[in-house]
Amino acid sequence: MTILGERWTFVVLREVFNGVRRFDDIRRHSGIPRQVLSNRLALLVERGVLRREPYRDPGERARHEYRLTEKGFDLYPVLVAIADWGDRYVADAAGPPVELEHRDCGSRVHSHLECEAGHRVELPREVVTRRGPGAQPFEVSVAG
C-alpha cells in the first residue's frame, strides 16, 4: 500500500489508463492540486508503475508524458474492479459515466476472481486466507 495507498493515486492511474498522459491534462481532468499531482507522478515513476517519455510541442520546451509500464498495466484489473464497485453502488439512475468494453466484440468488461485451477469464484466467502511463503512474524511489544 506504500504505492497505491496515497490519496489521488488511483485517480492518476485512471487518467493514464484512459489515455490522458500529460501533466496539465491530468491536472485539468482530475482537479488534483499541482504539487500533489507532481508528487504522485514522481512516486509512480520511482516505483516503476509509470515511465516518463519526452515530448516537445512546436515552440515549447521539452516536457514528459507518463506511460504505463508492464507493472502499471498489471493494475488494470484493480481499476476494473473499482469501476465495477462504483457502477453498482455509486452511479446514479442514468448509469455509470464510463463503460469498459471489449474491443473485439463490444461486450462490457468486468472483473472476476478465478483460482489457479480455472474455477470462477462467485462469492468472497469461497476464499480463505493462508500464510504465504513470505509471511513475517508479528513483533510482540510488551508494555512495562
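Residues numbered from 1 in each chain as written. Predicted model: local features only at pLDDT ≥ 70, side-chain atom pairs only at ≥ 80, totals over all residues. Heavy atoms only, no water.

Engineer: Could you give me a rundown of the overall build of the protein chain, with the residues and numbers involved?
Structural biologist: Secondary structure assignment for the protein chain yields 5 helices and 4 strands. In sequence order, the protein chain lays out its α and β elements as α-α-α-β-β-α-α-β-β. A compact globule built from 144 residues should have a C-alpha radius of gyration of about 15 Å, whereas the protein chain, at 19 Å, is more than 25% larger. In terms of principal-axis extent, the alpha carbons of the protein chain reach across some 60 × 55 × 30 Å. (Helix = DSSP H or I, 4+ residues; strand = E, 2+ residues; numbered from the N terminus. Rg over C-alpha atoms; globule rule 2.2 N^0.38 Å.)

Engineer: Break down the layout of surface pockets for me, citing the residues and quoting the values.
Structural biologist: Quantified by volume, the largest pocket comes out at close to 680 Å³. The wall of the largest pocket is formed by 23 residues, among which R14, L79, I82, A83 and V98 lie closest to the centre. Counting residues per element, the ones that place at least two in the lining of the largest pocket are α1 (9–17) and α5 (76–89). Top contributing element to the lining of the largest pocket by residue count: α5, with 9 residues. Of the residues in the lining of the largest pocket, the class split is 15 nonpolar, 2 polar and 6 charged. Put simply, the second largest pocket is a space of about 480 Å³. (1 Å grid on protein atoms, 1.4 Å probe; cavity = no way out; pocket = protein on both sides within 12 Å on 5 of 7 lines; lining within 4 Å. Points joined across faces, edges and corners; volume = space filled by probe spheres on them. Nonpolar A, V, L, I, M, F, W, Y, C, P; charged D, E, K, R; others polar.)

Engineer: Quick one: what's the story with the environment of F23, residue by residue and with numbers?
Structural biologist: Along the chain, F23 turns up in helix α2 (residues 23–30). In the structure, F23 is positioned 80 residues away from R103 in sequence and 27 Å away in space, judged by C-alpha atoms.

Engineer: Go over the nonpolar core, please, and point to the residues and values.
Structural biologist: Residues L13, L37, L41, L44 and L50 are the most contacted members of the largest nonpolar core, which totals 18 residues. Residue assignment for this core shows that the elements contributing at least two residues are α1, α2, α3 (34–46) and β2 (63–68). Sort the elements by how many residues they give to this core and α1 lands first, with 4 residues. The residues contacting L44, other than those within four sequence positions of it, are I3, T9, V12, L13, V49 and L50. (Core = buried A, V, L, I, M, F, W, Y, C linked by side-chain atoms within 4.5 Å. Buried < 20%, exposed > 50% of the residue type's maximum accessible area, 1.4 Å probe, protein only. Contact = heavy atoms within 4.5 Å.)

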